[in-house]
Every structure is written in structure tokens, then in C-alpha cells.
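So the chains spell out like this:
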Amino acid sequence: MKILIIGFGFIGKNLVKTIYQKIELIKRFDKDFKIIGVSDSKGYLLNEKGLELERLSKINGTSDYSECFLKAGSSLELIEKSGADIMVEATPTNIRDGEPGITHIKRALTIGTHVVTSNKGPLVVAFRTLKNLAEAKGCEFRYEGTVAGAMPVFSLINECLQGDRIVKISGILNGTTNFILSKMYFEGTSFEIALKEAQERGITEKDPAYDVDGIDAACKVVILANAIMDRNEKFEDIERVGIRGVTSEAVSLAKRSNYAIKLIGTIDKNLEVAPKLVPVNHPLCVHGTLNALHFETDLAKELTIVGYGAGKETVSAVLNDLITVLKKKKEQ
Amino acid sequence: MRFGLTLALVDRPGQLLKALEPIAKNGGNIISIIHEREKTAGVYVPVSLVVDFQAYENYRKAREDLEEIGVNITKSEEVIERANITAVLIGKLDFKRIVETKIKGLRIVDFEVSAPTSREACIKLNIEVPVELVDEAIMELKRISKEENAILVSSI
């Protein structure tokens, strides 16, 4: 199958590196697997015979590849003329209007290209529209990497809990705020110092408000509510309180009663992102940059998964989606 | 509705059976019976029962019937299942507003206040409310926190 990678930032580059490292494994599912196109803000690369993976894994931008590079060529143009089978949409998240991701995904699905994405924006803004379009066009639309990075959230629900009704989902959906609150919990530091350390480690977004005001977690709550619980929620529907106001005294008061304060996203009859007291022996009480999701269902009752929600680990989810599409199409 | 009854029964065979008849007749479902022999007073043994009645009227009638056959009821009250809520409130909050909250049956079990060495004070509350009023109590705490510009950190 012919693959396109739209967006050659952190995820795009790490995906290419991982594909290069694991090409033998991938070829077991599809011997004709090749990346034929890659785009970024400078332009795009297109070679229908397949781009060289080793070379691609060493470049910083599409213009470094030299051959096959079309300066200022648009991603949309690449999607339309490449004839690819699968598009990986990995452009930066924009939760205001979901662009340019929405346009890329709509275009790809319209012309029958399967879509794998790690971009939250399009799902927050237009999940239902994109899902309906994918179904109408008979295309795969997979988005495991959008929520909780490497944790198999949608695969778990869609593959392993098919007969269950999900009653409630709650969890730590942002690793940066968990890092900050864990620092405050273990070292008694203030929010400001813990945030500074997170910034120095490069684990915050450019605008830390995205993490600490619960915006990122709220986006994931919307996606989970719509994709798992079949709701039709919008970002504005979320009751949201961030962690800026959480003081070291509050963390220490909670700790004395065997609780840790964590930023928790909750989906039941209400949708909420807020700092909560989590008993230290509760499975959601994980520390550092870990994410954790707790499901309450009618049959399995309670189930918790823990893992890394951002960074290179997200590539695991994107690659799994990609392999899932390869396997499904091979079976057809 | 669940009620707790303590009956003072004469310590003779058949007395308990006699006392249970009016309860059964009025649809009472006995959840537990405890003979409190260590509290025997003369010929009387206190027997504590927890009984579910369909309505308050059934309970009232059962009490009347018990008294009619000469059973002494030394204690009788509705058993309210209570839930514990722990929360931390951060900000300059008027604690009186929580104490005076209109949630029926709310009881403050304990609280701990932290002196503000940073910009905001905070208080940890441990309250008890009837189980069916947990959501209402949390909503009320949320409302008060919002109005006082404080942050409510409730337990999951």
C-alpha cells in the first residue's frame, strides 16, 4: 500500500524513523508497503515508487531530501494527486477550527483514501462529520493516537468490550499536569516552580495554558465522549477548571489524608475537567508524566489502563492504526 | 425506608416471635436482629432490629401494634445511609456558608485549615450526607466555591 504522511513535525518524523526501524515487521502485513509522499510547511515530497526510508528518517524537513521535492506544494495537492491508499494526518492540533487537519481528512476520505490521525483538532471540532464521511466512502478512519498517546483506548473499547455499555470514563489525560502535580506532591514545590521545571524539560506546549488550564484534557474528554459514548458534545460543553490555582498547601493537606490531587477528566452524565482528590491506593493515582484511564462498564465493571500519553510513545498508536488498516485491507 | 428499633423483651421463650408478628403483618423486612444480652436490665433483654418498611405509614402501624400487645419500644428512628465526602477548598472562602448550607442532613465530621504561606488559604473538609444527596451536596459546594471565587477539589 502507498502511504502519505501529512505533517512532518514531531510525530511525522518519529513515525518515519519507526517505520524505517520496523520495516520488516510492517512488510509481513503488506509486502508492497511504501511511503510515497510527505508534506510539511515548506512543500512536499512525492515519489510513486516509494521514498527512501533511511534518507527520509535522517532529514529535518522535506526540503532536505532534495529530489522529488516540490517547493511550496500544498498538502491538499499532494493528497489529491498522489493516489495514496492511506494518509497519516499529523499536522499540529488546532482546536479552534480543526484546520488544516479537517480539510486534509475530508479530502482524503472523499477520494477514498483511508485515514490515520494523531491530530486532536479535527476530532474535537468535527468528529461526527468525519466519521459519517468515512462510513459513506467505505474508508477506515482511525485515531488512536489522539487520546492518551500510546494507550490503546479505542482499540480496547471497540475490540475487547464490544458487548459492554460504558457508563463512566475518568482519568488523567494530560501528562504535563500530572508531572507538575506529582512534583508538588513528592517535593512540596509550588505550582510555579513545578511548571518551570516542566518547561525546562520541554514537556509543556508552547503556550502552557493548553496544559495547565485543562484545554488539552478537555479536548480528549470531547473525543472520548463522542467516539466511545456516542454523544455529540462540543469543547464548550466541558466544565473546565485547570491546576493554576492548586497550591502546595492544598496538595499537602490532601496528602495528609492519603489523597493526591490530579487533573481528572470525567465523562458520565456531565463532562468535566477539574482537579480532584484521588485516593493514593486508587488505580488512577499514577505519577510523573503517566496517563491513566478508568472505565466503568455494565459487564466488566471496572477497568484501568495506564501508559504514556504524549511524546514518541504516541507513534506506537499511529503505527498500530496503520498496521490495522493494512491487515483489514489484506483480508478483503 | 429503613428503621432501627430497640425492644425491651422479657427474657422468656416465645417473646421475640410474638414481637415479630406485628412487624411481619405490616410488611416489614427484617435486615438484622441483635440480642444485647450484656445490657440485660432485670428480666428485660434489649433486642435491636433493623427493618425495611415500604412506607412510613407501615412503620407507624407496626409500632402501634407492638405497643398494643405490650412490647416496650425503647428506641426507634429512621436509619439514614450516609456517605462521606472529602474535599479541599482553595481560596478565601467564607466557611460559615458551608456550615449554613441548606443540604438536608449535612454533617461536618471534621475539617483542617492550612495557614496560607502562599497566596491562598485552603481547607480540607470531611462531611457526611444522606447517600441520595451526595450529588446535590457536591453541586452545592461547587456553587459556593464558584461564588466565592475558590477552587473545589472534590474526591473522585
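What you see is a predicted model; the values in this text were computed from it and never measured. (Residues numbered from 1 in each chain as written. Chains lettered and ligands numbered in written order. Predicted model: local features only at pLDDT ≥ 70, side-chain atom pairs only at ≥ 80, totals over all residues.)

Asks: Can you tell me about the overall build of chain A, naming the residues and giving the values?
Replies: Scanning chain A for helices and strands turns up 13 helices and 13 strands. For chain A, whose C-alpha radius of gyration is 20 Å, the value lies close to the compact-globule estimate of 20 Å for 332 residues. The principal-axis extent of the C-alpha atoms belonging to chain A is close to 65 × 45 × 35 Å. A separation threshold of at least 6 residues defines the contact pool for chain A, and within that pool the share at least 24 residues apart is 69%. (Helix = DSSP H or I, 4+ residues; strand = E, 2+ residues; numbered from the N terminus. Rg over C-alpha atoms; globule rule 2.2 N^0.38 Å. Contact = placed C-beta atoms within 7 Å.)

Asks: Any chance you could break down the overall build of chain B for me, citing the residues and the numbers?
Replies: Per the secondary structure count, chain B includes 4 helices and 8 strands. Ordered by position from the N terminus, the helices and strands of chain B form the series β-α-β-β-α-β-β-α-β-β-α-β. Considering only C-alpha atoms, chain B reaches an extent of 70 × 30 × 25 Å along its principal axes. Counting every position in chain B, which comprises 156 residues, the buried fraction comes to 26%. Partitioning the intrachain contacts of chain B with sequence separation of at least 6 by distance along the chain shows that 71% fall at a separation of at least 24. (Buried ≥ 20, exposed ≤ 12 C-beta atoms within 10 Å, placed from the backbone.)

Asks: Which residues make up helix α9 (residues 191–200) of chain A, and what are the values?
Replies: Residue and element names in this part refer to chain A. Among the residues of α9, Phe-191, Ala-194, Leu-195 and Ala-198 are the ones counted as buried. The buried residues of α9 occupy an angular sector of 100 degrees when projected down its axis, which confines them to one face. Residues of α9 that are exposed and point more than 90 degrees away from the buried face comprise Glu-192 and Glu-200. Among the residues trailing α9, Gly-202 stands out with phi positive, at a value near 75 degrees. (Arc of directions from axis to C-beta.)

Asks: For the sheet that holds strand β7 (residues 122–130) of chain B, give the residues involved together with the corresponding values.
Replies: Neighbouring strands of a sheet are bound in pairs by backbone hydrogen bonds; such pairs are parallel or else antiparallel. Residues and elements named next belong to chain B. Taken together, 4 strands build an open sheet; the order of strands is β6-β7-β5-β8 and the sheet is antiparallel. With partners counted over all chains shown, the strands left at the sheet margins are β6 (107–114) and β8 (151–154), one partner each. On average, each strand axis in the sheet is inclined to that of its neighbour by 20 degrees, with strand direction left out of account. Looking at chain direction, β6 and β7 are connected through 7 bridges and run antiparallel. Across the sheet, the residue bridging to Glu-112 is Lys-124, located in β7. (Pairing = 2+ DSSP bridges. Axes fitted to C-alpha atoms, helices over the stretch in contact; angles between N-to-C directions.)

Asks: Now, about the pairing of strand β6 (residues 114–117) of chain A: what can you tell me, with residues and values included?
Replies: Residue and element names in this part refer to chain A. The alternating pattern of β6 places His-114 and Val-116 on one face and Val-115 and Thr-117 on the opposite face, and all of these are buried. In this sheet, β6 lies alongside strand β5 (residues 86–89) in parallel orientation, the contact comprising 4 bridges. Note on β6: the bridge partner recorded for Met-87 is Val-115. In this fold, the crossover linking β5 to β6 by way of helix α5 (residues 101–110) has right-handed handedness. Once the chain exits β6 it traverses helix α6 (residues 120–137) before rejoining the sheet at strand β7 (residues 141–142), and the crossover so formed is right-handed. (Right-handed = clockwise from strand over helix to strand, strands pointing away.)

Asks: I'd like a rundown of the confidence of the model for chain B, residues and numbers included.
Replies: In the predicted model, chain B carries a mean pLDDT of 89, and the fraction of residues at 70 or more is 97%. Reported confidences for the modelled complex are a pTM of 0.85 and an ipTM of 0.85. (pLDDT = per-residue confidence, 0-100.)

Asks: Tell me what's going on with the domain arrangement of chain B, and back it up with residues and numbers.
Replies: Domain boundaries in chain B define domain 1 (2–78) and domain 2 (82–154). Here domain 1 of chain B and domain 2 of chain B have C-alpha centroids that lie 39 Å from each other. (Domains from an automatic or database assignment.)

Asks: Any chance you could break down the packing of α6(A) against helix α11 (residues 215–227) of chain A for me, citing the residues and the numbers?
Replies: Residues and elements named next belong to chain A. Where α6 meets α11, the closest approach of the two axes is 9 Å, and the angle between their N-to-C directions is 40 degrees. The orientation of α6 with respect to α11, classified from their angle, is oblique. Like other packed secondary-structure pairs, α6 and α11 cross with a definite hand, here left-handed. Contacts between α6 and α11 pair Lys-120, Leu-123, Val-124, Phe-127 and Arg-128 from the former with Cys-219, Val-222, Ile-223, Asn-226 and Ala-227 from the latter. (Parallel < 35°, antiparallel > 145°, perpendicular 65-115°, else oblique. Left-handed = near helix turned anticlockwise from the far one by under 90°.)

Asks: Describe the pairing of β8(B), listing the residues and the values that go with them.
Replies: All names here are of chain B. Side chains of β8 alternate between two faces, with Ile-151 and Val-153 and Leu-152 and Ser-154 buried alike. Where strand β5 (residues 82–90) lies against β8, 4 bridges are found, and the strand directions are antiparallel. Bridging from a neighbouring strand, Val-88 pairs with Val-153 of β8.

Asks: Outline the domain arrangement of chain A, supporting the account with residue identities and numerical values.
Replies: How big an interface is tends to be expressed through the accessible area that disappears when the partners come together. All names here are of chain A. Along its sequence, chain A is organised into domain 1 (2–150 + 313–331) and domain 2 (158–308). A C-alpha centroid distance of 28 Å is found between domain 1 and domain 2. Of the residues assigned to the side of domain 1 that touches domain 2, the class counts are 7 nonpolar, 2 polar and 3 charged. (Nonpolar A, V, L, I, M, F, W, Y, C, P; charged D, E, K, R; others polar.)

Asks: Describe the interface of chain A and chain B, with residues and values.
Replies: Taken residue by residue, the interface counts 20 residues in chain A and 16 residues in chain B. For the side of chain A that touches chain B, the secondary structure elements donating two or more residues are α12 (248–256), β10 (259–267) and β11 (271–279) of chain A. Here the element with the most residues in the side of chain A that touches chain B is α12(A); it accounts for 5 residues. For the side of chain A that touches chain B, the per-class residue count stands at 12 nonpolar, 6 polar and 2 charged.

Asks: Mind laying out the sheet that holds strand β1 (residues 2–10) of chain B, listing which residues take part and the relevant values?
Replies: Residue and element names in this part refer to chain B. Here 4 strands make up an open sheet; going across it, the order is β2-β3-β1-β4 and the pairing antiparallel. Lying at the two open borders of the sheet, with one neighbouring strand each, are β2 (29–35) and β4 (72–78). On average, each strand axis in the sheet is tilted by 20 degrees relative to the strand beside it, whichever way the strands run. Here β1 runs beside β4; their pairing, made up of 6 bridges, is antiparallel. Bridge pairing in β4 links Phe-3 to Glu-78.

Asks: Which residues make up the environment of A:Arg142, and what values go with them?
Replies: Within the secondary structure, A:Arg142 is located in strand β7. Sequence spacing of A:Arg142 and A:Lys131 is 11 residues, and the spatial spacing of their C-alpha atoms is 9.4 Å.

Asks: Summarise the packing of α5(A) against α6(A); cite the residues concerned and give the values.
Replies: All names here are of chain A. Following both chains from N to C, one finds α5 and α6 inclined at 5 degrees, their axes separated by 10 Å at the closest point. Considering the angle they form, α5 stands roughly parallel to α6. Contact with α5, carried on its side by Gly-101, Ile-102, Ile-105, Lys-106, Leu-109 and Thr-110, involves Gly-121, Pro-122, Val-125, Ala-126, Leu-130, Leu-133, Ala-134 and Lys-137 of α6 and no other residues of that element. Looking at the contact of α5 with α6, its residues break down into 9 nonpolar, 3 polar and 2 charged.

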